[in-house]
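The lines below spell out each chain.
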Amino acid sequence: MMKNISEFISEKLDNLFTIQKNVELNRPNNDFGDYSTNIAMQISGIVKKSPLEIAQIIVKIDFYK
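The present account deals with the structure reproduced in this document. (Residues numbered from 1 in each chain as written. Predicted model: local features only at pLDDT ≥ 70, side-chain atom pairs only at ≥ 80, totals over all residues. Heavy atoms only, no water.)

### Looking at unusual backbone geometry
Even without a glycine there, the phi angle at Thr-18 is positive, about 50°. Along the chain, Thr-18 turns up in the loop between α1 (2-17) and α2 (39-47). With a relative accessible area of 70%, Thr-18 lands in the exposed category. Although it is not a glycine, Lys-48 sits at a positive phi angle of roughly 60°. Among the structural elements, Lys-48 can be located in the loop between α2 and α3 (51-59). (Helix = DSSP H or I, 4+ residues; strand = E, 2+ residues; numbered from the N terminus. Buried < 20%, exposed > 50% of the residue type's maximum accessible area, 1.4 Å probe, protein only.)

Structure below.
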């Protein structure tokens, strides 16, 4: 399951920012959600957007399209 989500996010990042990057997902403490990644921080310098802006874009991705 995590691999499918990672690949999906990687594909969407390529579509949105024309960047190819492997997305690593982690399982945080249950108080903080189901999955986490630091991909927004990793690519912020490359795409010239703040990690917060990138994260806000990522959370809006429709996983059912």
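### What to know about the side chain of Ser-6
Within the element layout of this structure, Ser-6 appears in helix α1. The contact partners of Ser-6, leaving out residues within four places of it in the chain, are Val-23 and Leu-25. (Contact = heavy atoms within 4.5 Å.)

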